[in-house]
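Commentary on secondary and tertiary structure
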Amino acid sequence: MQRPSWDQYFMDITRLVATRSTCLRRQVGAILVKDRNILATGYNGVPSGISHCEAAGCLREKLNVPSGERHELCRGLHAEQNAIIQAARHGINIDGSTLYCTTMPCIICTKMLINAGITTVIYAEGYADELAREMIAETGIKVIHFTSATERQSA
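The present account deals with the structure reproduced in this document. (Residues numbered from 1 in each chain as written. Predicted model: local features only at pLDDT ≥ 70, side-chain atom pairs only at ≥ 80, totals over all residues. Heavy atoms only, no water.)

**Focus on the side chain of Arg 60**
Inspection of the secondary structure puts Arg 60 in helix α3 (residues 59–63). For the buried Arg 60, no salt bridge is present, and the opposite-charge side chain at shortest range is Glu 72, 6.5 Å distant. Among all residues touching Arg 60, those that are not within four sequence positions of it are Arg 25, Val 65, Pro 66, Ser 67, Gly 68, Glu 69, Arg 70, His 71, Leu 73 and Cys 74. (Helix = DSSP H or I, 4+ residues; strand = E, 2+ residues; numbered from the N terminus. Buried < 20%, exposed > 50% of the residue type's maximum accessible area, 1.4 Å probe, protein only. Lys, Arg positive; Asp, Glu negative; His and termini not counted. Salt bridge = Lys/Arg side-chain N within 4 Å of Asp/Glu carboxyl O. Contact = heavy atoms within 4.5 Å.)

**Remarks on the packing of helix α4 (residues 79–89) against helix α5 (residues 107–116)**
Orientation of α4 relative to α5, taken along the N-to-C sense of each, is 30°, at an axis distance of 9 Å. When the interaxial angle is binned, α4 and α5 end up roughly parallel. Where α4 crosses over α5, the handedness of that crossing is left-handed. Seen from α4, the contacting residues are Glu 80, Gln 81 and Ile 84; seen from α5, they are Ile 108, Cys 109, Met 112 and Leu 113. Of the residues assigned to the contact of α4 with α5, the class counts are five nonpolar, one polar and one charged. (Axes fitted to C-alpha atoms, helices over the stretch in contact; angles between N-to-C directions. Parallel < 35°, antiparallel > 145°, perpendicular 65-115°, else oblique. Left-handed = near helix turned anticlockwise from the far one by under 90°. Nonpolar A, V, L, I, M, F, W, Y, C, P; charged D, E, K, R; others polar.)

**As for the state of the cysteines**
The tally for this structure, following the rule as stated, stands at zero disulfides. Cys 101 carries a free sulfur, and the closest cysteine sulfur to it, the one in Cys 109, is 7.6 Å from it. Judged by relative accessible area, Cys 101 falls into the buried class, the value being 0%. (Disulfide = S-S within 2.5 Å.)

Here it is, written out as structure tokens:
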């Protein structure tokens with residue numbers, strides 16, 4: 001039996017975390033990892049105690065908001081935001097950690113990741129947010145698009 005690489009292992013976990021998402025449009029999972037230990041997880045969905053979009057309806061669909069635009073017009077939080085919040089609630093230092101995410105972070109999440117001290121972002125799918133790409137390029141944050149080819153190289 002061949003064991004998965006660490007990157008494959010953590011990306012597989014982000015996909016499992018995404019299955020908890022309550023978003024009707026896109027299921028996203030994120031985990032924060034340091035020294036091969038999972039510090040926090042997050043998936044996209046509404047804040048605790050708020051009606052899920054399944055019951056309340058999707059505000060973005062109602063307003064016809066395209067993907068990658070007007071992030072504030074949504075009842076939910078992004079997976080990356082929820083991972084950062086989970087770490088903060090439990091007093092976990094995420095400075096110097098790696099974010100594994102099923103989707104490349106948007107501009108709002110990118111700004112949070114920069115200020116949280118995240119050093120690496122490993123993502124599976126792209127996201128239509130040019131400003132996020134521009135801002136993260138200005139930082140020292142390493143960004144890796146995880147693909148099967150990436151898996152073969154990192155194994």
